[in-house]
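Listed here are the chains, written in short residue letters.
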Amino acid sequence: MSWDYPWGVTLLGMLNVSRATADPAPAQFALQHNRLAAEHFDYLRWQRRTFGKTASAAGLSLLMRMNCLDDCGAMAAQATEGLVRHGAEPTGELRVMLAAVAEYITYGQSRLADGALCRGNNLWIDDLYMSTPFLARYGTYTGERHYLDDAARQILLFSARLQDEDG
């Protein structure tokens, strides 16, 4: 089991393959992966708070670290996609894990003065991918509009800065 940016992209692809082909196997793999990560999340988070580290994060070290969008955005987006479109069981563990990611992106991730998500004082287009899909899906799942509003705001803020003036 792993929790990182490439796996987030891969598992989202597996969910999309299942939807496109009506073959449930790829989606079942992704949903099981997410369920296992969620089952370990709360214990590993407690272990890290209590002892300062986790003895074995079973591939979840980035989720435990969660100090940049690379650590959580792509994975949380596909896990939320599993809830929204693929009938993943909304276990308490999965809800806790995704709420922690939402809390981090909303309140913990660095932002510029206007609210644009950033790394230091830099915008990375990757961060738009690792934030808005999750925020939009999570807002859809929870019904909490402020996540949808933040996703839309990020697109507008990034768009205003990352346009080629000559093109």
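As shown above, the structure is provided for reference.
Residues numbered from 1 in each chain as written. Predicted model: local features only at pLDDT ≥ 70, side-chain atom pairs only at ≥ 80, totals over all residues. Heavy atoms only, no water.

Draft legend 1. Highlighting a nonpolar patch on the surface. Judged by side-chain polarity, Tyr43, Trp46 and Phe51 come together as a nonpolar surface patch covering roughly 370 Å² of accessible area. Within the secondary structure, Tyr43 is located in helix 2 (residues 24-51). (Patch = residues over 30% accessible without salt bridge, like charges linked within 9 Å, V, L, I, M, F, W, Y side chains within 5 Å. Areas by Shrake-Rupley, 256 points an atom, 1.4 Å probe, with all protein chains shown as cover. Salt bridge = Lys/Arg side-chain N within 4 Å of Asp/Glu carboxyl O. Helix = DSSP H or I, 4+ residues; strand = E, 2+ residues; numbered from the N terminus.)

Draft legend 2. Region of interest: the pattern of salt bridges. In total, this model carries 12 salt bridges according to the counting rule given. Measuring nitrogen to oxygen at the nearest pair gives 2.9 Å for the salt bridge that ties Arg45 to Asp42. A residue pair is termed a helical-turn pair when its members lie 3 or 4 positions apart in one helix, as Arg45 and Asp42 do in helix 2 at 3 residues. Residue class for Arg45 comes out partly exposed when judged on its relative accessible area of 27%. A salt bridge links Asp149 to Arg145; the shortest N-O distance between them is 3.1 Å. In this pair, Asp149 and Arg145 both sit in helix 8 (residues 145-161), 4 residues apart, roughly one turn of the helix. With relative accessibility at 57%, the residue Arg145 sits in the exposed group. Through salt bridges with shared partners, a single network forms among Arg19, Glu81, Arg85 and Arg137. (Buried < 20%, exposed > 50% of the residue type's maximum accessible area, 1.4 Å probe, protein only.)

Draft legend 3. Quick peek at helix 5 (residues 92-108). Between its terminal C-alpha atoms helix 5 stretches 22 Å, which fits the 24 Å expected from 17 residues at 1.5 Å a residue. Of the residues making up helix 5, those classed as buried are Leu94, Met97, Leu98, Ala100, Val101, Ala102, Tyr104, Ile105 and Thr106. Those residues of helix 5 that are buried lie in contact with helix 2, helix 3 (61-65), helix 4 (73-85), helix 7 (132-142) and helix 8. (Expected span 1.5 Å × (residues − 1). Contact = heavy atoms within 4.5 Å.)

Draft legend 4. Layout of the packing of helix 1 (residues 5-21) against helix 2. Here helix 1 crosses helix 2 at 140°, and the two axes come no closer than 7 Å. Here helix 2 runs oblique to helix 1, going by the angle between their axes. Helix 1 and helix 2 meet at a crossing whose hand is left-handed. Packed against helix 1, whose contacting residues are Trp7, Leu11, Met14, Leu15, Val17 and Ser18, the element helix 2 presents Pro24, Ala25, Pro26, Ala27, Phe29, Ala30, Leu31, His33 and Asn34 at the interface. For the contact of helix 1 with helix 2, the residue count by class is 12 nonpolar, 3 polar and no charged. (Axes fitted to C-alpha atoms, helices over the stretch in contact; angles between N-to-C directions. Parallel < 35°, antiparallel > 145°, perpendicular 65-115°, else oblique. Left-handed = near helix turned anticlockwise from the far one by under 90°. Nonpolar A, V, L, I, M, F, W, Y, C, P; charged D, E, K, R; others polar.)

Draft legend 5. Broad picture of the state of the cysteines. This structure, assessed with the given rule, holds 0 disulfides. Of all cysteine sulfurs in the structure, the one in Cys72 sits closest to Cys68, which takes part in no disulfide; the separation is 7.4 Å. Distance from the sulfur of Cys118, which forms no disulfide, to the nearest cysteine sulfur (Cys68) is 12 Å. Since its relative accessible area comes to 1%, Cys118 is described here as buried. (Disulfide = S-S within 2.5 Å.)

Draft legend 6. Fine view of the packing of aromatic side chains. In the structure shown here, the tally under the stated rule is 6 aromatic pairs. On the numbers, 6.0 Å between centres and 65° between planes, the contact of Tyr5 with Tyr129 is edge-to-face. With Tyr5 in helix 1 and Tyr129 in helix 6 (residues 125-129), this residue pair connects regions lying 124 residues apart in the sequence. The rings of Tyr43, Trp46 and Phe51 are connected pair by pair, giving a single aromatic cluster. For the cation-ring pair, Arg119 lies above Trp124, with the distance from its terminal atom to the ring centre recorded as 3.8 Å. (Phe/Tyr/Trp six-rings, centres within 6.5 Å; stacked < 30°, edge-to-face > 60°. Lys NZ or Arg CZ within 6 Å of the ring centre and 35° of its normal.)

Draft legend 7. Geometry of unusual backbone geometry. The phi dihedral of Ala22 is positive, around 65°, even though this residue is not glycine. By the secondary structure assignment, Ala22 is in the loop between helix 1 and helix 2. In this structure, Met66 is a non-glycine residue whose phi angle is positive, near 30°. Relative to the elements of secondary structure, Met66 occurs in the loop between helix 3 and helix 4. The exposure class of Met66 is buried, given its relative accessible area of 14%.

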